[in-house]
Amino acid sequence: MPVYVRPLILPGLGAFTLAVVAGCGGAGDQPEIAADAVSVTATDTACQVAKARIPAGTVHFAVTNKGAKATEFYVYAPGDRKVDELHNVDPGDTEQLTVTLAAGSYQVACKPGKQGDGIRQAITVVGSGGTAASDPRLARVVDEYRTYVQQQVDATLSATQRFAAAVKAGDVAQAKQLYAPSRVGWERVEPVAESFGDIDPKVDLREADLEAGQQWTGWHRLEKALWVKGATAGEERYADQLLADLRDLQQRVKTAEITPTSMANGAKELLDEVATGKVTGEEEAFSHTDLWDFAANVEGARKVYELLKPVVQQKDAALAQRLDAEFAKVEGLLAKYRSGDGYVSYDTVTEPQRKELSDAVNGLAEPLSKLAGTVAG
């Protein structure tokens, strides 16, 4: 499976940047590992880091999974804030995460079975590195993207207010129509929202991902009420909670730490979201509105690429040319499934058609995984 990488977008946490050196992993397709990489050995019961003190600046983590379960690898800053992560490091695989860290105390964690808080180890980053060089072009790009993110979050809240009103009024037909449009802005900038840690589980958790004792709130709870129960009685407070959580996001995003490399990593994450949830039909299990989410993820990734494109063209014209072609291929396939202002129900998409979409997504994800490294390089 593709490596699932979240961007570094942290509120009030100083200057951090990160770049994904490895693209897609998997047996027989192991990434090139940097000679100075810090080895991390993950098993089902341990997370062993070769070094406890690491020089500030660019740090390569080479994560080898010697366990029987797929694992995830996280880097946490003080306050348990996520710096970055790798998802789906399969048994026997080695994946590389490259992150630029300022001096300070951190924790790394392996999550065998991709559950729980993880097996954690403390590391200390020392020295004066870890601050990205200033580039006026990229500074403008960050400002433009910050504006875009704020616009998308504002639009999400506005659309969700209409959706929540229909839910609270018991108007099931209207709520169904408003459900997918309410999620478009969120799906375009989801990596930013996910960087805050606590908001994403409240608003976007799927029933299948609930852990023991965890309360289920957010869009997908309401989705099930609409498409399975066919009624919203008793769900009104969850509509109110969804709005409250999105208002919280609206305020927090104003102080999000956004860098050019975090933008690029976020674009790759959006494609991984498509590969792990949308193409499979797992994301919208009850409404089958997956193609709405699929398209919004691609649109969000495209926005990042277009903002960074002048820099990419200068540093790697061949990569820019390939990304143009792969984006066009995915967007062309999506256009086949347009219906009115939206998309057909995903349960009408055949398995061969889903395979075609999956292949196109993977074709785009591979060069997109090089975007952050190119921008940083």
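Residues numbered from 1 in each chain as written. Predicted model: local features only at pLDDT ≥ 70, side-chain atom pairs only at ≥ 80, totals over all residues. Heavy atoms only, no water.

Before going further, it helps to examine the overall build of the chain. When helices and strands are tallied, the chain shows eleven helices and 13 strands. Within the chain, contacts between residues separated by at least 24 positions form 72% of all contacts whose residues are at least 6 apart in sequence. Here the chain displays about 15,000 Å² of accessible surface, and carbon together with sulfur accounts for 49% of that area. (Helix = DSSP H or I, 4+ residues; strand = E, 2+ residues; numbered from the N terminus. Contact = heavy atoms within 4.5 Å. Areas by Shrake-Rupley, 256 points an atom, 1.4 Å probe, with all protein chains shown as cover.)

This part takes up the state of the cysteines. Scanning the entire structure with this criterion turns up one disulfide. Each disulfide pairs two cysteine sulfurs, and for cysteine 47 the partner residue is cysteine 110, the sulfurs being separated by 2.1 Å. The sign of the 55 degrees torsion about the S-S bond sets the cysteine 47-cysteine 110 disulfide as right-handed. Taken together, the residues cysteine 47 in strand 4 (residues 47–49) and cysteine 110 in strand 10 (residues 104–110) connect sequence positions 63 residues apart. A relative accessible area of 0% means that cysteine 110 is categorised as buried. (Disulfide = S-S within 2.5 Å. Buried < 20%, exposed > 50% of the residue type's maximum accessible area, 1.4 Å probe, protein only.)

Take the side chain of glutamine 152 next. In this structure, glutamine 152 sits in helix 1 (residues 136–169). Within the local environment of glutamine 152, its side chain forms a polar contact with the side chain of arginine 188, the two groups lying 3.0 Å apart. (Polar contact = N/O pair within 3.5 Å; in protein donor to acceptor, adjacent residues only side chain to side chain.)

The next thing to look at is the pairing of strand 10. Alignment of strand 7 (residues 71–77) against strand 10, held across four bridges, turns out to be antiparallel. Each bridged residue has a counterpart across the sheet, and for phenylalanine 73 the counterpart in strand 10 is cysteine 110. When strand 10 meets strand 11 (residues 119–126), the two strands line up antiparallel, connected through seven bridges. Residue alanine 109 lies in a different strand from strand 11, and its bridge partner there is arginine 120. (Pairing = 2+ DSSP bridges.)

So, about the packing of aromatic side chains. Applying the stated rule across the entire model yields eight aromatic pairs. Ring plane angle 55 degrees and centroid distance 5.4 Å describe the contact between phenylalanine 61 and phenylalanine 73, whose orientation is recorded as tilted. Placement of phenylalanine 61 in strand 6 (residues 57–65) and of phenylalanine 73 in strand 7 is noted, with a sequence separation of twelve residues between them. For the pair shown, phenylalanine 61 and phenylalanine 73 are each scored as buried. Consider the rings of tryptophan 292 and tyrosine 343, whose centres lie 6.4 Å apart with planes at 75 degrees: the pair is edge-to-face. Highlighted residues: tryptophan 292 in helix 8 (residues 290–315) and tyrosine 343 in strand 13 (residues 342–343), separated in sequence by 51 residues. Grouping residues by exposure puts tryptophan 292 and tyrosine 343 together as buried. The rings of Phe163, Tyr179 and Trp227 are connected pair by pair, giving a single aromatic cluster. The ring of tyrosine 343 carries arginine 338 above its face, with NZ or CZ at 4.7 Å from the centroid. (Phe/Tyr/Trp six-rings, centres within 6.5 Å; stacked < 30°, edge-to-face > 60°. Lys NZ or Arg CZ within 6 Å of the ring centre and 35° of its normal.)

With that out of the way, let us pick up unusual backbone geometry. We note that lysine 114 has phi near 60 degrees; this positive angle belongs to a residue other than glycine. With respect to the helices and strands, lysine 114 occurs in the loop between strand 10 and strand 11. With a relative accessible area of 36%, lysine 114 lands in the partly exposed category.

Within helix 5 (residues 219–229), burial applies to Trp219, His220, Leu222, Glu223, Ala225 and Leu226. Those residues of helix 5 that are buried lie in contact with helix 1, helix 2 (172–188), helix 4 (199–204) and helix 6 (236–252). Positive phi shows up at glycine 230, right after helix 5, with a value of about 70 degrees.

Moving on: the side chain of glutamine 250. Take glutamine 250: it is sitting in helix 6. In this structure glutamine 250 comes out as buried when scored by relative accessible area, which is 18%. Within the structure, glutamine 250 has its side chain in polar contact with the side chain of aspartate 154 (distance 2.9 Å).

Time to look at the pattern of salt bridges. According to the stated counting rule, one finds 24 salt bridges in the structure shown. Between aspartate 359 and lysine 355 there is a salt bridge, with its nearest N and O atoms 2.8 Å apart. Placement of both aspartate 359 and lysine 355 in helix 10 (residues 351–368) is noted, with a separation of four residues, approximately one turn of the helix. Salt bridges sharing partners connect three or more residues here, namely Arg183, Glu187, Asp204, Glu273, Lys278, Glu283, Glu284 and Asp293. (Salt bridge = Lys/Arg side-chain N within 4 Å of Asp/Glu carboxyl O.)

Before going further, it helps to spend a moment on the packing of helix 7 (residues 260–278) against helix 10. Closest axis-to-axis distance for the helix 7/helix 10 pair is 10 Å, and the angle between their directions is 155 degrees. It follows that helix 7 is roughly antiparallel to helix 10 by the angle criterion. As for how helix 7 packs across helix 10, the hand of that crossing is left-handed. For the pair formed by helix 7 and helix 10, the contact residues are Ala267, Lys268, Leu271, Val274 and Ala275 on the first element and Val361, Leu364, Ala365 and Leu368 on the second. Considered class by class, the residues forming the contact of helix 7 with helix 10 number eight nonpolar, no polar and one charged. (Axes fitted to C-alpha atoms, helices over the stretch in contact; angles between N-to-C directions. Parallel < 35°, antiparallel > 145°, perpendicular 65-115°, else oblique. Left-handed = near helix turned anticlockwise from the far one by under 90°. Nonpolar A, V, L, I, M, F, W, Y, C, P; charged D, E, K, R; others polar.)

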